[in-house]
Amino acid sequence: MDVKIQSYSSSDFLSEFTTENYTVMIWNGEGIFSVDGINYSYNGYHILFLSPYQKLKLSSESEISINVLFFHGDYYCIEYHKDDVACNGLLFNNIYLNPGIELSKENYEYILELFNHIEREEKENHQFSQSIIKTYIQLILAICSKQKSGTEDNSVVNEKLPNKNAVEFQKMLEAHFKTEKELSFYSDKLNITNNTLSKAVKKEYSKTPTQLMNERIILESKKLLHLTYRSIKEIASELGFDDEFYFSRYFKKSVGCSPKQYREKVGISVVAKISM
């Protein structure tokens, strides 16, 4: 399956859902969704962005309809188009941001209309269908990138400043996640206790420092598996694992499949092929 639109009811996501595709889900309702074990509340028009093998659960106050767009990374590569729609790191693949957005009614209705256009083009499958569908996907991602960017800017203006220790932790994690996997390294650098750092990070990102450290390693693992031809042994070494098999067990525990299976299902991106 390269691209597909499918309708679900909210009860379909009460148990864990995952796929090898990029996933865009849109709905209107109230409740809680969980991505990789982290809970987020929603109320109103909402759209959610999932990368391959992220784990989703969703509950709602009442039964609601959810429309889902699936597309494979080989079909529409978000890394290749990152300059066009700015979605990589904003909509997808950012461990510090909520993976969903509250939509305006206007954008919600417009994106649903684009979903319908994609579904129709997929069924007709004429000479120009694939180009048209990719243009619709790009438009959806561009609209949501614009709204998400505006939402993030407004939160800075309207809310209190972010916690300095949490922000410094994020900066240090980005610089040292491959080599430093102990919380004490970061708390020592900040001259605070592990407990103080944990409370600050949890309040700022709704995740513990340990969760963020693990997620950052997994995110980088996925990138290297998808965007390069490096062997699993080379990737393990780059990420600070002396033992390739320990890395594989670590990855499978978080993702649900081995690095080898992930690469087979998600594929190696056109970006890797271009850079060879």
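All values derive from a computational prediction rather than experimental measurement.

Colleague: Outline unusual backbone geometry, listing residues and values.
Modeller: Of note, aspartate 36 is a non-glycine position whose phi angle comes to about 55°, a positive value. Positionally, aspartate 36 belongs in the loop between β2 (22-35) and β3 (38-50). The backbone of alanine 86 sits at a positive phi, close to 55°, despite the residue not being glycine.

Colleague: With reference to specific residues and values, describe the packing of aromatic side chains.
Modeller: Tallied over the entire structure, the rule returns 24 aromatic pairs. Ring geometry for tyrosine 8 against phenylalanine 70: centres 6.5 Å apart, planes inclined by 75°, an arrangement best described as edge-to-face. Of this pair, tyrosine 8 sits in strand β1 (residues 3-9) while phenylalanine 70 sits in strand β5 (residues 65-71), and the two are 62 residues apart along the sequence. Neither residue differs from the other here; tyrosine 8 and phenylalanine 70 are each classed as buried. Aromatic side chains phenylalanine 17 and phenylalanine 70 sit 6.3 Å apart centroid to centroid with 45° between the ring planes, which places their arrangement in the tilted category.

Colleague: Give me the side chain of serine 269: which residues, what numbers.
Modeller: Following the sequence through the fold, serine 269 ends up in the loop between α10 (259-266) and α11 (270-274). Here valine 271 takes part through its backbone nitrogen, which lies 2.9 Å from a polar atom of the side chain of serine 269. Excluding residues that lie within four positions of it along the chain, serine 269 makes contacts with Cys77, His226 and Leu227.

Colleague: Describe the nonpolar core, and please don't skip the residues or the numbers.
Modeller: Counting 35 residues, the largest nonpolar core has Phe169, Leu173, Tyr186, Leu197, Leu212, Phe247 and Tyr262 as its most contacted members. Only α4 (164-176), α5 (183-190), α6 (194-205), α7 (209-227), α8 (232-238), α9 (244-255) and α10 provide two or more residues apiece to this core. If one sorts the elements of this core by residue count, α7 sits on top with 7 residues. What leucine 212 contacts, discounting residues up to four positions off in sequence, is Ile95, Tyr96, Phe169, Leu173, Val201, Tyr205 and Lys207.

Colleague: Tell me about α10, and please be specific about residues and values.
Modeller: Taken together, the buried positions of α10 are Pro259, Tyr262, Arg263 and Val266. Buried residues of α10 fall within an arc of 95° about the axis and therefore sit on the same side. Turned more than 90 degrees away from the buried face of α10, the exposed residues are Lys260 and Glu264. A positive phi of about 85° marks glycine 267, the residue just after α10.

Colleague: Please set out the pattern of salt bridges residue by residue, giving values where relevant.
Modeller: If the charged atoms of two oppositely charged side chains come close together, the side chains can form a pair. Scanning the model with the defined rule gives 8 salt bridges in all. A salt bridge links lysine 207 to glutamate 215; the nearest nitrogen and oxygen atoms lie 2.7 Å apart. Both residues of the pair, lysine 207 and glutamate 215, belong to the buried class. Two residues, glutamate 220 and arginine 216, come together in a salt bridge whose shortest N-O distance is 3.0 Å.

Scoring rules and cut-offs
- Along each chain, the written sequence defines residue order, and numbers are assigned to residues from 1.
- Local features in this predicted model are restricted to residues of pLDDT 70 or higher, and side-chain atom pairs are both shown and tallied only at a pLDDT of 80 or more, whereas totals for entire chains, interfaces and linings draw on every residue.
- The basis for the side-chain values is all heavy atoms of the structure; hydrogens and waters are excluded.
- For helices the rule is a DSSP run of H or I covering at least 4 residues; for strands it is a run of E covering at least 2, with both sets numbered from the N terminus onward.
- Classification of ring pairs rests on two measures: the distance between centres of Phe, Tyr or Trp rings, Trp counted by its six-membered ring, which must be within 6.5 Å, and the angle between planes, read as stacked under 30 degrees, edge-to-face over 60 and tilted in between.
- Buried means the residue's accessible area, taken with a 1.4 Å probe over protein chains only, is under 20% of the maximum for its type, while exposed means over 50%, and partly exposed covers the values in between.
- Throughout this description, a polar contact denotes any pair of N or O atoms lying within 3.5 Å of each other; where both atoms belong to protein, one of them has to be capable of donating a hydrogen while the other can accept it, and for residues adjacent in sequence the pair is counted only when both atoms sit in side chains.
- Contacts are assigned to residue pairs with any non-hydrogen atoms lying within 4.5 Å of each other.
- Side-chain atoms within 4.5 Å are what join buried Ala, Val, Leu, Ile, Met, Phe, Trp, Tyr and Cys residues into a set we call a nonpolar core.
- Arc, as used here, means the arc of the directions from the helix axis to the C-beta atoms.
- By definition, a salt bridge exists where a carboxyl oxygen of Asp or Glu is found within 4 Å of a side-chain nitrogen of Lys or Arg.

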